[in-house]
Amino acid sequence: MIKTYEPLHHKYRPSSFDELVGQGPITSTLKQALISNRIAPAYIFTGPRGTGKTSSARIFAKSLNCLKSEKATTVPCGECELCKGINSGNALDVIEIDAASNTGVENIRELIERSRFAPAKARWKVYVIDECHMLSTAAFNALLKTLEEPPRQVVFILATTDPQRVLPTILSRCMRFDFRRIALNDLENHLMSIAKKEEISINKEALSLIAKHSQGGLRDAESLLDQVSLLPPPITQLNIINLIGAVPEEELITLAKSLINKDPNSILKICNRLINEGKEPIAILQGIASILRDLVITTVTNKQTNLCNISQENSESLIDLATSINLSQILKLQAKLKGSENNIRNSNQPKLWLEIHLLGMLADEDSKDNNRIKQSFPRTRISDDSEPKDSDHKPEKIEPTTSKELKKTNYKDDFKHNEDLNLADIWKKVIAMLELPSTKMLLSQQAKLINLNSDSAEIVISEKWINMIQSRKNLIEDAFYKARGSSTKVLLIQQKDNLSKLQKENKKSQLIEQTNELKVNKELNKNNCEKKEKKIEPKINLETNSIDQKAKQFADFFNGEIVDLE
Ligand SMILES: [Zn+2]
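Residues numbered from 1 in each chain as written. Predicted model: local features only at pLDDT ≥ 70, side-chain atom pairs only at ≥ 80, totals over all residues. Heavy atoms only, no water.

- Going by an unreviewed UniProt entry, the chain carries the name DNA polymerase III subunit gamma/tau and comes from Prochlorococcus marinus str. P0903-H212.
- In the Catalytic activity (unreviewed entry) part of its UniProt record, the chain is described as follows: "DNA(n) + a 2'-deoxyribonucleoside 5'-triphosphate = DNA(n+1) + diphosphate".
- Regarding the chain, the UniProt comment filed under Function (unreviewed entry) reads as follows: "DNA polymerase III is a complex, multichain enzyme responsible for most of the replicative synthesis in bacteria. This DNA polymerase also exhibits 3' to 5' exonuclease activity." (UniProt positions renumbered as here; feature names shortened; annotations may be inferred.)

**A word on the coordination of the zinc ion**
Consideration 1: Bound to the zinc ion on the protein side are C66 (SG), C77 (SG), C80 (SG) and C83 (SG), at distances that span 2.2 to 2.3 Å.
Consideration 2: One can describe the donor arrangement at the zinc ion as tetrahedral, given that its four donor atoms subtend angles of 100 to 122° at the metal.
Consideration 3: Positions of the donor residues of the zinc ion, expressed as sequence spacing, correspond to C-x10-C-x2-C-x2-C. Of this pair, C66 sits in the loop between α3 (53–65) and α4 (81–88) while C80 sits in the loop between α3 and α4; the two residues are 14 residues apart in sequence, bridging distant segments of the chain.
Consideration 4: By relative accessible area, C66 is classed as buried at 1%.
Consideration 5: According to the relative accessible area criterion, C80 is buried, its value standing at 10%. (Donors = N, O, S within 2.8 Å, 3.2 Å for Na, K, Ca; no water. Tetrahedral: all angles 85-135°; square planar, octahedral: opposite > 155°, others 65-115°. Helix = DSSP H or I, 4+ residues; strand = E, 2+ residues; numbered from the N terminus. Buried < 20%, exposed > 50% of the residue type's maximum accessible area, 1.4 Å probe, protein only.)

**Topic: the nonpolar core**
Consideration 1: Membership of the largest hydrophobic core comes to 40 residues, with the highest contact counts inside it found for I288, I291, L292, L295, L354 and L358.
Consideration 2: Secondary-structure elements contributing two or more residues to this core are α12 (249–260), α13 (264–276), α14 (281–300), α15 (315–323), α16 (327–336) and α18 (350–375).
Consideration 3: When residues in this core are grouped by element, the largest group, nine residues, is from α14.
Consideration 4: Not counting residues up to four positions away in its chain, the partners in contact with I291 are L252, I253, A256, I310 and L318.
Consideration 5: In terms of nonpolar packing, the next biggest core, distinct from the first, is built from 30 residues, F17, A91, A122 and V126 among them. (Core = buried A, V, L, I, M, F, W, Y, C linked by side-chain atoms within 4.5 Å. Contact = heavy atoms within 4.5 Å.)

**Let's talk about α15**
An α-helix turns once every 3.6 residues. As a result, residues three or four positions apart point the same way.
Consideration 1: Buried residues of α15: S315, L318, I319, L321 and A322, and no others. Angular distribution of buried residues about the axis of α15 spans 160°; they occupy a single face of the element. Every exposed residue of α15 that faces more than 90 degrees away from the buried side is listed here: E316, D320 and T323.
Consideration 2: Packing partners of the buried residues in α15 comprise α12 and α14. (Arc of directions from axis to C-beta.)

**A word on a nonpolar patch on the surface**
Consideration 1: Residues V300, L327 and L331 make up a contiguous nonpolar surface patch of roughly 240 Å² in combined accessible area.
Consideration 2: Along the chain, the position of V300 falls in helix α14.
Consideration 3: The class of V300 is exposed, set by a relative accessible area of 54%. (Patch = residues over 30% accessible without salt bridge, like charges linked within 9 Å, V, L, I, M, F, W, Y side chains within 5 Å. Areas by Shrake-Rupley, 256 points an atom, 1.4 Å probe, with all protein chains shown as cover. Salt bridge = Lys/Arg side-chain N within 4 Å of Asp/Glu carboxyl O.)

**Topic: the pattern of salt bridges**
Consideration 1: Under the counting rule described, the total for this entry stands at 15 salt bridges.
Consideration 2: Here E106 and R109 are joined by a salt bridge, their closest N and O atoms 3.8 Å apart. Of the two residues, E106 and R109 are both situated in helix α5 (residues 105–115); the distance of three residues between them amounts to about one turn of the helix.
Consideration 3: Since its relative accessible area comes to 55%, E106 is described here as exposed.
Consideration 4: The class of R109 is partly exposed, set by a relative accessible area of 47%.
Consideration 5: Across the pair E148 and R173 runs a salt bridge whose closest N-O atoms are separated by 3.4 Å. Of this pair, E148 sits in helix α6 (residues 137–148) while R173 sits in the loop between α7 (168–171) and β5 (175–178), and the two are 25 residues apart along the sequence.
Consideration 6: Overall, the relative accessible area of 41% leaves E148 in the partly exposed class.

**Description of the pairing of strand β4 (residues 154–160)**
Consideration 1: Within β4, seven of the seven residues are buried, which leaves the element mostly enclosed by the surrounding structure.
Consideration 2: Here β4 shows two buried faces, one formed by V154, F156, L158 and T160 and the other by V155, I157 and A159.
Consideration 3: Sheet topology note: the strand β1 (residues 42–46)/β4 ladder contains five bridges and is parallel. Bridging across to β4, Y43 finds its partner in I157.
Consideration 4: As paired strands, strand β3 (residues 125–130) and β4 are joined by five bridges and run parallel to one another. (Pairing = 2+ DSSP bridges.)

**A word on the sheet that holds β4**
Consideration 1: Strand order in the open sheet made by the five strands is β2-β3-β4-β1-β5, with parallel pairing throughout. Each of the sheet's edge strands pairs with one partner strand only, and the pair in question is β2 (94–98) and β5. Ignoring strand direction, the axes of neighbouring strands in this sheet form an average angle of 15°.
Consideration 2: As defined by bridge partners, β2 adjoins β3 across five bridges and the pair is classed as parallel. The partner of D98 across the bridge, within β3, is D130.
Consideration 3: Most of the contacts of helix α2 (residues 24–35) go to β5, to which it runs at about 150°, and overall it touches β1 and β5. (Axes fitted to C-alpha atoms, helices over the stretch in contact; angles between N-to-C directions.)

**Some thoughts on the packing of aromatic side chains**
Consideration 1: Evaluation of the coordinates by the stated rule reveals seven aromatic pairs.
Consideration 2: Relative to F179, the ring of F45 has its centre 5.2 Å away and its plane inclined at 50°; by these criteria the two rings are tilted. In this pair, F45 sits in strand β1 while F179 sits in the loop between β5 and α8 (184–198), placing the two residues 134 residues apart along the sequence. Each member of the pair, F45 together with F179, is buried.
Consideration 3: Ring pairs connect the aromatic residues Y43, F45, F60, F177 and F179, which therefore count as one cluster. (Phe/Tyr/Trp six-rings, centres within 6.5 Å; stacked < 30°, edge-to-face > 60°.)

Here you go:
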């Protein structure tokens with residue numbers, strides 16, 4: 001007889017609480033309820049998919065009803081008629097319904113009607129309602145009445161991945177258990193034991209990669225192991241990386257290195273290569289986020305990599321990288337990643353956005369440095385109500401400063417006693433506190449701070465952009481908070497007259513700044529290159545070309561134009 005194939009997640013479905021992986025507190029509470037015979041009329045099991053909710057509901061139903069025991073037990077036999085019936089879904093008294101396909105009130109009414117009859121064979125009737133958040137409001141209300149006056153010897157077990165969508169009145173009548181994502185260690189050990197039993201030839205690093213990829217979902221991990229077991233042995237990490245489209249760690253480390261060394265050319269090259277190999281931009285971004293997280297851990301734990309996501313084989317390169325950067329630099333890079341995932345996910349040009357964000361991580365750093373340069377120079381004070389004068393903050397005043405000197409200036413402290421600087425400068429500082437490059441650009445081009453007192457700020461905006469800026473008002477208020485250390489209510493004022501004068505002024509100073517940024521950048525790069533190699537010319541050309549392109553794309557995005565770019 002040909003043995004039918006059984007997927008691993010079926011075959012290794014837990015049959016008792018002791019076999020349930022990684023939900024210790026939940027299993028011990030449920031076991032205690034069974035031992036002390038304190039059975040609630042309704043339970044709700046919440047948590048991410050594949051963490052053991054439905055399995056627990058079945059084990060609980062078997063524990064209540066196993067025929068091998070006179071009363072509820074914590075170790076159902078798995079062999080009696082009822083245990084077998086529950087396992088195969090044929091038991092008369094244990095009814096599982098999927099709310100996703102039975103959303104209507106009719107289904108629930110019928111179910112409630114039947115719950116009034118005594119169990120046929122079992123001690124308890126158990127109703128398991130999976131994905132219960134899908135029930136209609138009418139169905140919920142019908143269920144609510146039954147939960148208010150539950151029939152005897154009936155237990156309802158609701159399971160959901162989305163408890164927010166369950167009526168609060170239902171939630172408050174259920175005993176709630178929150179299933180957690182399963183810890184990496186538990187997942188790894190579980191996969192290891194399955195691989196041994198199934199004689200799958202797979203190494204430890206590869207199993208660990210499967211565990212990481214499934215993000216705490218046991219069923220996902222088992223399914224992936226199932227799929228991977230079809231690969232020709234021996235199964236290695238690389239096979240799995242190719243199968244799931246993950247980005248190899250070596251590539252991510254090189255990319256992170258380029259970010260730290262501020263090498264736009266290399267960033268673009270790596271992105272191009274990875275995307276040509278079929279890697280998703282979002283996977284590259286997530287990979288970089290993970291490397292930055294690991295760098296933080298390596299730095300704060302003094303080079304202990306056991307908490308890192310990175311595999312053992314690449315931990316040396318990670319430690320090397322960590323020695324070339326300090327904690328505050330890593331945190332700054334990390335902060336700039338915020339919001340990038342959404343941009344990339346929601347764009348139909350994810351590659352472009354990936355590049356913009358990664359390059360933005362370089363440019364931002366520089367513009368802050370520019371701010372610091374400005375702050376380190378003495379300036380004339382002017383009163384709050386006077387018109388901001390351009391001459392006061394002209395970037396031309398900036399003289400080249402080495403990056404070491406820049407680090408010594410404390411940007412935030414400087415801000416406090418400079419609060420009485422002119423409004424244009426304050427506005428720039430607020431903009432610098434924003435995280436999204438697009439919002440920064442938008443505000444610096446299309447908005448102007450015209451009034452500021454201790455708790456409110458008035459910002460004038462050109463008519464065309466008022467809606468877009470309105471939607472980012474809370475981000476602006478956050479930025480004010482970061483810049484001033486106190487909350488500031490933002491008032492947006494629409495300006496109907498054309499803002500062309502303002503725009504021109506802004507654009508002019510911005511472009512001068514950008515050009516300056518590029519100058520500084522090139523200067524730095526030149527120094528770097530001279531140390532390393534002599535092929536300076538082509539590299540710099542490529543670099544400026546790509547920055548030219550990015551700058552143009554940015555300008556196009558905001559209906560702007562590039563007047564001059566060195
Ligand atoms: Zn049994």
